[in-house]
Amino acid sequence: MMKQPDSLTELELVNKVRDGERELFEILIRRNNPYLYKIGMSYGYSHEDVEDLMQETFIAAYLNLEKFESRSSFKTWMTRIMLNQCYQKAQKLSFKNEKSDDILNEKTTPMFESPQSTDTYRSVLNNELSNVIGNALISIPFEYRMVFSLRELNGMSTSETAEVLDISETNVKARLNRAKQMLREKVEKMYTAEDIFEFNLIYCNRVVEGVMKELGKL
């Protein structure tokens, strides 16, 4: 009995897309949209910028699909591409006098130092969360925020998180504990991890349409 597309594993989908069934790439987009969205928001970009970064990430993944060797999960591979896109955007912003030069530094200051990006980010957060949660999250330095995002919001294992961020598993555990300590009083008592940075279906559809439209031009 032939499997339905939605029941295929990600590796099976990747292989079919490689063999020319490009329309199945939409399933990979939908499965990974929520993870990439949370990463982009955790990085500190506006909702609109995150959507653009997600689209760029999926297109880059499609164009480099032959390089996916399945030594890591497809989710981990996509996460690395998304993080690279976020980092590259931060580098570009640094030339516009944005405070992003030290975004990966261990002693980085809290994110969203640009008043404009802070206002945009809060307007998005307030649609889903209380002001208390938004204020708690934007107070956390980048290295702790990202580990919390990957482990708690995106469900990655300690080893996957270490691989993606190129740090030790011990470092992952330490940063996660520190992040939870920072957030516990205002976050864990009130909300589950899944409540944070949820990606609504309407946005998912928009990203899918944008990516598939661009792929149609290739």
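Analysis parameters
- Within each chain, residues carry numbers counting from 1 in the order of the written sequence.
- Only residues with pLDDT of at least 70 get local features here, since the model is predicted, and only at 80 or more are side-chain atom pairs given and counted; chain-wide, interface and lining totals rely on the full set of residues.
- Computation of side-chain values: all heavy atoms of the structure, hydrogens and water removed.
- The axes used here are C-alpha line fits, helices contributing only the stretch in contact, and every angle between their N-to-C directions lies in the interval 0 to 180 degrees.
- What counts as a helix is a DSSP run of H or I of at least four residues, what counts as a strand is a run of E of at least two, and both are numbered from the N terminus.
- Should an angle lie under 35 degrees it is considered roughly parallel, over 145 roughly antiparallel, and from 65 to 115 roughly perpendicular; all remaining angles are considered oblique.
- Less than a right angle of anticlockwise turn of the near helix away from the far helix marks a crossing as left-handed, whereas a clockwise turn marks it as right-handed.
- Residue contacts follow a heavy-atom distance rule, with two residues in contact if any of their heavy atoms lie within 4.5 Å.
- Polarity classes work like this: nonpolar for Ala, Val, Leu, Ile, Met, Phe, Trp, Tyr, Cys and Pro, charged for Asp, Glu, Lys and Arg, and polar for all others, with Gly in that last group.
- Here a salt bridge means any side-chain nitrogen of Lys or Arg lying within 4 Å of a carboxyl oxygen belonging to Asp or Glu.
- The classification of residues rests on relative accessible area computed with a 1.4 Å probe and restricted to protein chains. Under 20% of the type maximum is buried, over 50% is exposed, and intermediate values are partly exposed.

A. Examining the packing of helix α2 (residues 25-43) against helix α3 (residues 47-63) more closely. At their nearest, the axes of α2 and α3 sit 9 Å apart, and the two run at 135° to each other. It follows from the interaxial angle that α2 and α3 lie oblique. For the pair α2 and α3, the crossing hand works out as right-handed. Counting all contacts with α2, which are made through Phe25, Leu28, Ile29, Asn32, Asn33, Leu36, Tyr37, Gly40 and Met41, the residues of α3 involved are His47, Val50, Met54, Thr57, Phe58 and Tyr62. Class assignment for the residues of the contact of α2 with α3 results in 10 nonpolar, 5 polar and no charged.

B. Representation of the pattern of salt bridges within the structure. Under the definition given, this model contains 6 salt bridges. Among the ionic pairs, Glu26 bridges to Arg30, the shortest N-O distance being 3.1 Å. On the criterion of helical spacing, the pair formed by Glu26 and Arg30 is a turn pair, its members being 4 residues apart in helix α2. Lys217 is the partner of Glu214 in a salt bridge, and the nearest nitrogen-oxygen pair spans 3.2 Å. Look at Glu214 and you get partly exposed, because its relative accessible area is 29%. Overall, the relative accessible area of 58% leaves Lys217 in the exposed class.

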